[in-house]
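Working through the structure, step by step
Residues per chain, in single letters:
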Amino acid sequence: MNRDGNNQSIWENEIFPHETFKAITDKFDTVIVGAGITGISLGLELQNRGHRCLILEQGNIGFGTTGGTTAHINNFFDESYDRLISKFGEDKAQTIADNAMKVSTMVRNNVQDYNIDCDFAECKFYLFSAEKKQDKQLEKILDAHQQLDVPTREVDKIPFDISFRKAIEIDGQAQFHPLKYINALAKVFEEKGGVILTGTQVTEDDHSGENITLKTQNGETFTCKNLVWATHIPPGINRFSMLNAPYRSYALAARLNYTPEKMAQSADLYDPYHYFRYHQSGNENYLIIGGFDHKTGHEDDTHQPFEDLIQYAKENFRFEEIVSKWSAQFYVPSDGLPYIGKMPGEQNVYIATGYNGNGMTWSTLAAEILADTIDGIESELGEIVAPSRIEIMASAQEFVKENTDAVFHLIADQFTADKKTELEELKAGDAKVIEHESQKVAAYRNKSGDLELVSAICPHMGCVVNFNTAETTWDCPCHGSRFDTQGNLLTGPSLTGLKRLDNAK
């Protein structure tokens, strides 16, 4: 399988071919765009409820962030419960916690019911303070967990060889191999009558008729009553490009020459924080470490976070060798909660976006929330994370903070290209945005020595893209659209790729 990046995650060591067959009908109850964990989980849930479902995926199953996750299933979130209580009140925070605490059971039930071999393991999480100024933050988190009955306690030992000041132990976590899991769910979905078309990009959606009409890059047309964008962020220009800030996180997997005492997960309280967990697959044991997050398109040298992560691993852990390193994208919502449910102002269009760093948990919950919403079933959690919610006081400050950079790039990038750089100066593997024949050009010289020239203007809202040195992609610093060096769209919200220009030797 492939991912939306140059680096291979540990999960890609497995091959998951999917054979696409032409749909025998072009009319469905629900079409889901995106075959990550949200789309596949939702498709199976709806199919079980009697819907006729089609899943369309521009790449392959797990092509996006699901193939690059570190696969934590947690009953707490990057937006800590003390902050959720402060923003939304104790009742809503309790509803969120109650639902989060059932996710590991939901996944375990799928693993057991469908006999899925996906390295599933239940474990505990250890959150710790690494320096004195983090102690108070940890105490607030512990108090909030106990207030909401999230099983948490202070401990004086953790199952990792890393120094800490104070630590808490949180019960009820789980982990798995995400691609083994969703590919197994996909097979069950198809066995139950669902259809998955991979290598199929949606290029047009028309809501003007009684049903929604979708057209694909392959020339196919489908109609449906319900449309779900399970694409990590909904495509096109809408409020959710502004309400979510795109970030990239970095991860590595290191092979261990010993067997850990028990599977476990852990993180510190730095900003951005470091996170890590053990993983067992067959007779092999690994340590998966992540961190050094930054806003997409805002790091000049994306090799550096990998170097920093490797150095962090060497300084704090024992391992035999690093076997894989990769990065992935996630979206931080302005008020700390995702947007899952009906798209505001649209009939029968639904979205799931803004999972922050908790994609495995929210995607599992999203399948239930979206299925209920489509079926007209109200739920407390669905109301809390509804995309139409208005939490001005809770989200205004973060909204302004995260979008200041986007506004800056929309304006300033139009004038700051380095006019002195000449195409001839680019060496194999080098890339730069330059001024060339009165155009802003994203220029990349490939390993064969040929130039690949595309427009540097993101089709989404006109920002100038930056080169991601580690992933060999052009990334938009405003809203996170990503493209390969030939301009092909990898991830939205852009609907189209970068305009290709005449290539030169």
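Quick note: structure is the one above.
Here's what I pulled together on the structure shown here. Just so it is clear, the model here is predicted, and its values are computed rather than measured.

Rules behind the numbers
- Residues numbered from 1 in each chain as written.
- Predicted model: local features only at pLDDT ≥ 70, side-chain atom pairs only at ≥ 80, totals over all residues.
- Heavy atoms only, no water.
- 1 Å grid on protein atoms, 1.4 Å probe; cavity = no way out; pocket = protein on both sides within 12 Å on 5 of 7 lines; lining within 4 Å.
- Points joined across faces, edges and corners; volume = space filled by probe spheres on them.
- Helix = DSSP H or I, 4+ residues; strand = E, 2+ residues; numbered from the N terminus.
- Nonpolar A, V, L, I, M, F, W, Y, C, P; charged D, E, K, R; others polar.
- Patch = residues over 30% accessible without salt bridge, like charges linked within 9 Å, V, L, I, M, F, W, Y side chains within 5 Å.
- Areas by Shrake-Rupley, 256 points an atom, 1.4 Å probe, with all protein chains shown as cover.
- Salt bridge = Lys/Arg side-chain N within 4 Å of Asp/Glu carboxyl O.
- Lys, Arg positive; Asp, Glu negative; His and termini not counted.
- Charge placed at Lys NZ, Arg CZ, Asp CG, Glu CD.
- Buried < 20%, exposed > 50% of the residue type's maximum accessible area, 1.4 Å probe, protein only.
- Disulfide = S-S within 2.5 Å.

Let us now look at empty space enclosed by the protein. On inspection of all chains with the given rule, the structure shows 4 cavities of 30 Å³ or more. Here the largest cavity defines a volume of roughly 40 Å³. Arg248, His294, Gly297, His298, Glu299, Thr302, Asn466, Phe467, Asn468 and Asp475 are the residues that line the largest cavity. In terms of residues, the lining of the largest cavity owes the most to one element, strand β21 (residues 466-468), which gives 3 residues. Split into classes, the residues belonging to the lining of the largest cavity amount to 1 nonpolar, 6 polar and 3 charged. By volume, the second largest cavity is sized at about 40 Å³. If you go around the second largest cavity, the residues you meet are Phe160, Asp161, Tyr258, Tyr278, Leu287, Phe317 and Arg318. The class makeup of the residues in the lining of the second largest cavity is 5 nonpolar, no polar and 2 charged.

Moving on, we come to a negative patch on the surface. On the surface, a cluster of negative charge is contributed by Glu90, Asp91, Asp98, Asp149, Glu378, Glu380 and Glu383. Residue assignment for the negative patch shows that the elements contributing at least two residues are α3 (90-100) and α10 (380-384). It is α3 that contributes the most residues to the negative patch, 3 residues altogether. For Asp91, a relative accessible area of 66% gives the class exposed.

Before going further, it helps to examine the state of the cysteines. Applying the stated criterion across every chain yields a total of 1 disulfide. Residue Cys463 pairs covalently with Cys478 via a disulfide, S to S 1.8 Å. Between Cys463 and Cys478, the disulfide has an S-S torsion of -95° and is therefore left-handed. Placement of the pair is Cys463 in the loop between β20 (451-455) and β21 and Cys478 in the loop between β22 (473-475) and β23 (482-483), with a sequence separation of 15 residues. This cysteine, Cys476, is not joined by any disulfide, and Cys458 carries the nearest cysteine sulfur, 4.0 Å off. Cys476 gets classed as buried once you look at its relative accessible area, which sits at 2%.

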